[in-house]
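Summary of structural features
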Amino acid sequence: EVKPLTHKMTNKTNIFYLSGLNDLTTNRGLIFTFIFLCYSLIWIVNGALILVIILEEKLHEPMYIFLCNLCINSLYGTAAFYPKFLYDLVTNNHTISYAGCMLQVFVIYSYAATDFSILALIAYDRYLAICRPLEYHSLMTKHKVVLLVCFSRLVPWLCHTTVTIMTSLLQLCDSHIDKLYCANWSIVKLSCNSIMTNNIVGYIFILFYFCHDVFIMCSYVPLLKSAVKSRDGRKKFTQTCVPHLFCLLNVTVALLFDLMYARYGSPSMSAGVKNFMSLQFLLFPPILNPLIYGLKLTQVRNRLLNVFKGKG
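As the structure is a computational prediction, the values presented were derived from the model and not from experiment.

Right, let's get into the overall build of the protein. The helix and strand inventory of the protein stands at 11 helices and 3 strands. Counting from the amino terminus, the protein carries its helices and strands in the arrangement β-α-α-α-β-α-α-α-β-α-α-α-α-α. Per-residue burial for the protein yields a buried fraction of 51% across its 312 residues. Looking at the protein alone, contacts between residues at least 24 apart form 80% of all its contacts between residues at least 6 apart. Here the protein displays about 15,900 Å² of accessible surface, and carbon together with sulfur accounts for 68% of that area.

Here it is in structure tokens:
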């Protein structure tokens, strides 16, 4: 009996082909310039905010420490995508090693999950500062801040280590990823065997991190009630909670687009729309989050203005 030949790609095959740029034959120079400027802007706005928070002792408070970690996380996540993408724009060989692909999956999605964790910490900090001001310093100690920051990073790393290991154990039937970068679901879909377990685990983690959104929105109910009671409360809410909500909306919408497109996107969708939707959470949150906070938070804004005026 002759068995049908089935091409199976095992982990020993060290190359994936990223086909997201295949349909892009013109204007690569213009796109390269735009992406390079975006990545430069990400480093400038996040780096400036990180430096200001580190150098200004008045900003060594939990709220700003969490914000600093949000900016560091943006640099961490985008570093897994932009350098490789810029290289792909100037070459015709859009490949990535198996190990590099798995690393990219881990970094990009642990970055997205960490964003949600840090935004949840900021919501918790604002709740204590506005609703329980007399207990704030006893509840939000330096030791607790360190633990919360570590927790916000270790849990996403643990979750996505699990996801990455599960994906790496799959036997794959193809090596072409229809995207600009390695995405976990794009790799899982190449499996020769059942992906039910991977799918279930993926949905559990998606639900877990979108529960962060629910937690944050619930925390704003007592915040709003407390804020309307006094002028000082309304001022605190406007200065720190409004930018936080903007950032939450920014991250949630961008990531939701990517997740929904990856699972339910139409194959007939144009390559340009596909690429734009898959890039949103790597483009808009890293640029807009520090700009929103830098412009809205008075202490950060004043310190930045002093730096630009040369006042140190």
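There is more to say, and it comes next.
Relative orientation of the contacting elements helix H2 (residues 62-78) and helix H4 (residues 98-131) amounts to 170°, with a least axis distance of 9 Å. Classed by the angle they form, the pair H2 and H4 counts as roughly antiparallel. Class assignment for the residues of the contact of H2 with H4 results in 13 nonpolar, 6 polar and 3 charged.

The full count for this structure, using the stated rule, is 11 aromatic pairs. Plain terms: the ring middles of Tyr109 and Phe281 are 6.1 Å apart, the flat faces sit at 35° to each other, and that makes the pair tilted. Here Tyr109 is found in helix H4, whereas its partner Phe281 is found in helix H10 (residues 271-296), with 172 residues between them in sequence. Taken individually, Tyr109 and Phe281 each receive the classification buried, so the pair is uniform in this respect. An angle of 55° between the planes, with centres 5.5 Å apart, marks the rings of Phe116 and Phe210 as tilted. Remark: Phe210 occurs in helix H8 (residues 196-227) and Phe116 occurs in helix H4; sequence separation between them is 94 residues. Looking at Phe116, the relative accessible area reads 1%, which means it is buried. Taken together, Tyr39, Phe81, Tyr82, Phe85 and Tyr181 form an aromatic cluster joined through their ring pairs.

Time to look at the pattern of salt bridges. For the structure shown, the criterion picks out 3 salt bridges. One salt bridge connects Arg126 with Asp125, and the closest N-O pair in it is separated by 2.6 Å. The residue Glu135 makes a salt bridge to Arg132 at a minimum N-O spacing of 3.1 Å.

In this structure, Phe16, Phe66, Phe81, Tyr181, Ile187 and Phe281 are the most contacted members of the largest nonpolar core, which totals 91 residues. A total of 21 residues in this core trace back to one element, the largest contributor, which is H4.

Before going further, it helps to examine the sheet that holds strand S2 (residues 95-97). Reading across the sheet, the 3 strands line up as S2-S1-S3 and stay open at both edges, with mixed pairing between neighbours. The strands lining the two open edges of the sheet, one partner per strand, are S2 and strand S3 (176-177). For strand S1 (residues 15-18) and S3, the ladder comprises 2 bridges, and the chain directions are parallel. Paired with Leu18 across the bridge in S3 is Ile177.

Turning to the state of the cysteines, a few remarks are in order. Enumeration according to the criterion identifies 2 disulfides in this entry. For Cys101, the disulfide goes to Cys182, at an S-S distance of 1.9 Å. With the S-S bond torsion at -120°, the cross-link from Cys101 to Cys182 turns out left-handed. You can see Cys101 sitting in helix H4 and its partner Cys182 sitting in the loop between S3 and helix H7 (184-188), a full 81 residues away along the chain.

Bringing the UniProt feature "transmembrane region" (unreviewed entry) in the protein into the picture now. In this numbering, the UniProt entry assigns the feature "transmembrane region" (unreviewed entry) to residues 30-55, 62-82, 102-124, 145-170, 200-224, 245-264 and 276-295. For residues 30-55, the end-to-end C-alpha separation is 37 Å, with 100% helix and 0% strand making up the annotated structure. The annotated region residues 62-82 carries 86% helix and 0% strand content, and the separation between its end C-alpha atoms amounts to 30 Å.

A separate point is the side chain of Thr167. When you line up the elements, Thr167 lands in helix H6 (residues 142-168). With near-sequence residues (within four places) excluded, Thr167 lies in contact with Tyr98, Met102, Asn184, Ile187, Val188 and Asn198.

What follows concerns the side chain of Asp125. Take Asp125: it is sitting in helix H4. Of note is the side chain of Asp125, whose polar atom sits 2.4 Å from the side chain of Tyr136. Asp125 has contacts with Pro62, Met63, Phe66, Tyr136 and Met140, leaving out every residue within four places of it along the chain.

The rules we used
- Residues numbered from 1 in each chain as written.
- Predicted model: local features only at pLDDT ≥ 70, side-chain atom pairs only at ≥ 80, totals over all residues.
- Heavy atoms only, no water.
- Helix = DSSP H or I, 4+ residues; strand = E, 2+ residues; numbered from the N terminus.
- Buried < 20%, exposed > 50% of the residue type's maximum accessible area, 1.4 Å probe, protein only.
- Contact = heavy atoms within 4.5 Å.
- Areas by Shrake-Rupley, 256 points an atom, 1.4 Å probe, with all protein chains shown as cover.
- Axes fitted to C-alpha atoms, helices over the stretch in contact; angles between N-to-C directions.
- Parallel < 35°, antiparallel > 145°, perpendicular 65-115°, else oblique.
- Nonpolar A, V, L, I, M, F, W, Y, C, P; charged D, E, K, R; others polar.
- Phe/Tyr/Trp six-rings, centres within 6.5 Å; stacked < 30°, edge-to-face > 60°.
- Salt bridge = Lys/Arg side-chain N within 4 Å of Asp/Glu carboxyl O.
- Core = buried A, V, L, I, M, F, W, Y, C linked by side-chain atoms within 4.5 Å.
- Pairing = 2+ DSSP bridges.
- Disulfide = S-S within 2.5 Å.
- UniProt positions renumbered as here; feature names shortened; annotations may be inferred.
- Polar contact = N/O pair within 3.5 Å; in protein donor to acceptor, adjacent residues only side chain to side chain.

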